[in-house]
Number of protein chains: 2
Amino acid sequence: MAKLVECVPNFSEGRRPEVIEAIVDEVRKVEGVKLLDVKPDASHNRVVVTFVGEPQAAKQAAFNACKKAAELIDMEQQQGEHPRIGATDVIPFIPVKEVTMEECVALADELAREIAEKLEIPVYLYEDAAKIPTRRALPDIRKGQYEGLKTEISKPERKPDYGPARMHPSAGATVVGARQFLIAYNINLDTSDVNIAKKIANSIREAKGGFKYVRAMGISVEAHGREVAQVTINMVNYQGTPLFRVFETVKNEAARYGVNVIGSEIIGMTPMQALLDVAEYYLRLDGFERKQVLEDSL
Amino acid sequence: MAKLVECVPNFSEGRRPEVIEAIVDEVRKVEGVKLLDVKPDASHNRVVVTFVGEPQAAKQAAFNACKKAAELIDMEQQQGEHPRIGATDVIPFIPVKEVTMEECVALADELAREIAEKLEIPVYLYEDAAKIPTRRALPDIRKGQYEGLKTEISKPERKPDYGPARMHPSAGATVVGARQFLIAYNINLDTSDVNIAKKIANSIREAKGGFKYVRAMGISVEAHGREVAQVTINMVNYQGTPLFRVFETVKNEAARYGVNVIGSEIIGMTPMQALLDVAEYYLRLDGFERKQVLEDSL
């Protein structure tokens, strides 16, 4: 089993296809890396690129793409709805297989140093890679955006973790870090009453005394040919707070209102382990090991 | 995602390490194939070899190993406790990933023809690859073993599916086929009363009106530091009869006797899909697709 990390860099270009293509091409060209998704957004003027690969290969691909973005995006010109501080706005590494969070933190640190030294771009470290506690959350680093940070970067409290205490003339600054895989998970309720979904969302979200690694809202969606109330969830650490626990809690809370759970859905990707954990839980599996999964043996 | 089959050939040699090694080496040498397990049994005088690989590579490895076994094993000399008809006794192909049962049947048919033509060994097709309904079950093909088949092979009803209607002078005959992956699955009960396990086993096994693809017995085992009754199960087709259905049924039947299920265990390997099906069932997942599993995208 090879070590595998995911990397999801965000670049501040969502409008010029040739620029997006040139950046993405830097990822494609690196051996040991596989491009999974490219999601440009014109109004945000931003593109989210997703790839997986061996740690060192992923780092190389991220560096090359960042270098290309610095050449092709001029932050003095860039405008868009999404907050940003640089041409490469943020680069998170995510452990997927046989890789610890500590290894991803080390990888983020190496990349941050490399970007600072070779490209002369100031770099901030965030989330699990943060060296300064107040820099864990991305919005705190991004405060004032490109324009604001340009003047504030020389202040001691905004000094970058690596690189010069002044913005790169065109590429601005960049944030690099490590975080857990985020699973987008929705649970549909057999009611159209969105207030029930909102109450249940409050019962599971960290901010309201719920699970530490759960962000949740109650919304109304079209599903199964009608309007249903949905608890829409970001599972920001599926090992810390597993899917089955959230599902069972939502089921129990819904019963409080006499409402059934119709079903749930995973939006986009999930690491296999998140679903193996579900199977282990419900089958009450004893001593199950990942290496018993046949596909993993190849 | 590459196509993947499993192949579990059984050879009639469990005592001479150098012969086992020479046969296994034929598997190792084929590119696109990975050897997973080699289980020799001296009293059976038999070795069970497990490997996975791309369909054509797996077929090649099986052919090469069969050829080597024909050179090194003389059925006129071979003795052992396990019933057998040839040097290579049986070769089943098992679909694992992105491969249908029909493809495995076709693969078995190609291999059977190749063994018959190139090695002049008579070959019978069994299980899902059987062309003659009475040849689905291995014991029916193996009736009379090597010694008995030697005289009976010339009878019309025992004519091989491919190859000469006489035994190969040293290698005997071979059985080739396709079957589903077999999952060895045990469920432990919170009681030492083995009769309860036996009654529950009867409620789920096909032979007693239970699930079509379930073979089960009630036994007594040491687990959790004490003697517990266990329902020990062979899931012979985890898609036809899924794990969750068997687990839930055992749980319900146990409740009939006021007994709880302590836990369950998967012995050895399982295809990932068997556990994904469990997660899908319990989370009531809507529209989940295999390609959402991150590891599968590499």
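A quick note: this is a predicted structure, and the numbers were derived from the prediction, not measured.

## What to know about the overall build of chain A
Within chain A one finds eight helices and 11 strands. Taking 2.2 N^0.38 as the reference for a compact globule, 298 residues should give roughly 19 Å; the C-alpha atoms of chain A span a radius of gyration of 21 Å, in line with that estimate. Here chain A holds 298 residues, and 49% of them are scored as buried. Of all intrachain contacts in chain A linking residues separated by at least 6 positions in sequence, the fraction that spans at least 24 positions is 72%.

## Topic: the domain arrangement of chain A
Each domain of chain A was delimited in the assignment, giving domain 1 (4–178) and domain 2 (183–292). Computed over C-alpha atoms, the centres of domain 1 of chain A and domain 2 of chain A are 31 Å apart.

## Here we look at the pairing of strand β1 (residues 4–7) of chain B
Both faces of the sheet carry side chains from a regular strand, because those side chains alternate between them. All names here are of chain B. Neither face of β1 is open: one carries Leu4 and Glu6, the other Val5 and Cys7, and all of them are buried. Here four bridges tie β1 to strand β5 (residues 88–97), and the two strands are oriented antiparallel to one another. Looking across to β5, one finds that Val5 is bridged to Pro95. Note: β1 against strand β4 (residues 46–53), three bridges, orientation antiparallel. In the sheet register, Cys7 faces β4, and the bridge partner there is Phe51.

## Re the relation of the copies chain A and chain B
Each copy superposes on the other: chain A lies on chain B with an RMSD of 0.2 Å after a rotation of 180° and an axial shift of 0.0 Å. Interpreted geometrically, this transformation is the action of a two-fold axis. Measuring from the rotation axis to each C-alpha of chain A, the shortest distance belongs to Ala279 of chain A, at 2.5 Å. A symmetric contact is evident, with 100% of the interface residues of chain A recurring at the interface of chain B.

## Comments concerning unusual backbone geometry
All names here are of chain A. In this structure, Asn45 takes a positive phi of about 50° despite not being glycine. Here Asn45 lies in the loop between β3 (33–41) and β4 (46–53). In the Ramachandran plot, Glu120 falls in the positive-phi region, its phi being about 55° despite a non-glycine side chain. As for its placement among the helices and strands, Glu120 is situated in the loop between α3 (101–119) and β6 (123–127). Glu120 gets classed as partly exposed once you count the C-beta atoms within 10 Å, which come to 14.

## Here we look at the interface of chain A and chain B
Across the contact, 35 residues belong to chain A and 35 residues belong to chain B. Of all elements in the fold, only β3, β5 (88–97), α7 (243–256), β11 (261–267) and α8 (272–282) of chain A reach the threshold of two or more residues within the side of chain A that touches chain B. The leading source of residues in the side of chain A that touches chain B is α8 of chain A, at six residues. In terms of residue class, the side of chain A that touches chain B is made up of 22 nonpolar, seven polar and six charged.

## Observations concerning the sheet that holds strand β9 (residues 214–223) of chain A
Residue and element names in this part refer to chain A. Taken together, four strands build an open sheet; the order of strands is β9-β10-β8-β11 and the sheet is antiparallel. Here the strands that pair on one side only, and so sit at the sheet edges, are β9 and β11. Strand-to-strand twist across the sheet, computed as the mean angle between neighbouring axes with direction ignored, equals 25°. Sheet strands touched by helix α6 (residues 194–204): β8 (183–189), β9 and β10 (226–235). Its angle to β9, the strand with the most contacts, is close to 160°.

## Regarding helix α7 (residues 243–256) of chain B
All names here are of chain B. Here α7 is 14 residues long and its end C-alpha atoms lie 20 Å apart, about the 20 Å a rise of 1.5 Å per residue gives. Among the residues of α7, Leu243, Val246, Phe247, Val250, Glu253 and Ala254 are the ones counted as buried. Along the axis of α7, the buried positions cluster into a sector of 135°, meaning they face one direction only. Across from the buried face of α7, at angles greater than 90 degrees, the exposed residues are Asn252, Ala255 and Arg256. Buried residues along α7 sit in contact with β8 (183–189), α6 (194–204), β9 (214–223), β10 (226–235), β11 (261–267) and α8 (272–283). Looking one or two residues beyond α7, the residue adopting positive phi is Gly258, at roughly 70°.

## A word on the sheet that holds β8 of chain B
Residue and element names in this part refer to chain B. Strand order in the open sheet formed by four strands is β9-β10-β8-β11, and the pairing between neighbours is antiparallel. Each edge of the open sheet is held by one strand with a lone partner, namely β9 and β11. The mean angle between the axes of side-by-side strands here comes to 25°, regardless of whether they run parallel or antiparallel. Where β8 and β10 come together, six bridges link them in antiparallel fashion. By the bridge assignment for β10, Asn186 is matched with Thr232.

## A few points about the pairing of β3 of chain A
Residue and element names in this part refer to chain A. Strand direction decides the pairing type here: β3 and β4, joined by eight bridges, are antiparallel. Across the sheet, residue Asp41 finds its bridge partner in β4, namely Arg46. Taken together, β3 and the strand that follows it, β4, pair antiparallel across an intervening segment of four residues, in which Asn45 is found at a positive phi of about 50°.

## Concerning the environment of Leu182 of chain A
Residue and element names in this part refer to chain A. Inspection of the secondary structure puts Leu182 in the loop between β7 (174–178) and β8. Owing to 19 C-beta atoms within 10 Å, Leu182 belongs among the partly exposed residues under this scheme. Sequence separation between Leu182 and Asn237 is 55 residues; the distance between their C-alpha atoms is 6.5 Å.

## Examining the environment of Ala165 of chain A
Assignment of secondary structure puts Ala165 of chain A in the loop between α5 (145–152) and β7. Not counting the four nearest positions on each side in its chain, Ala165 of chain A is found in contact with Pro122, Ile153, Ser154, Lys159 and Pro160 of chain A.

## Considering the confidence of the model for chain A
Summarising the model, chain A shows a mean pLDDT of 95, and 99% of its residues fall at 70 or more. Reported confidences for the modelled complex are a pTM of 0.83 and an ipTM of 0.82.

## Details of the environment of Ala201 of chain B
All names here are of chain B. Topologically, Ala201 is positioned in helix α6. C-alpha separation for the pair Ala201 and Arg215, spaced 14 residues apart in sequence, amounts to 8.3 Å. Those residues within four positions of Ala201 in sequence are excluded, and the remaining contacts are Ala216, Met217, Gly218 and Val231.

Reading the values: rules and limits
- Residues numbered from 1 in each chain as written.
- Chains lettered and ligands numbered in written order.
- Predicted model: local features only at pLDDT ≥ 70, side-chain atom pairs only at ≥ 80, totals over all residues.
- Helix = DSSP H or I, 4+ residues; strand = E, 2+ residues; numbered from the N terminus.
- Rg over C-alpha atoms; globule rule 2.2 N^0.38 Å.
- Buried ≥ 20, exposed ≤ 12 C-beta atoms within 10 Å, placed from the backbone.
- Contact = placed C-beta atoms within 7 Å.
- Domains from an automatic or database assignment.
- Pairing = 2+ DSSP bridges.
- Least-squares fit on C-alpha atoms with pLDDT ≥ 70 in both.
- Nonpolar A, V, L, I, M, F, W, Y, C, P; charged D, E, K, R; others polar.
- Axes fitted to C-alpha atoms, helices over the stretch in contact; angles between N-to-C directions.
- Expected span 1.5 Å × (residues − 1).
- Arc of directions from axis to C-beta.
- pLDDT = per-residue confidence, 0-100.

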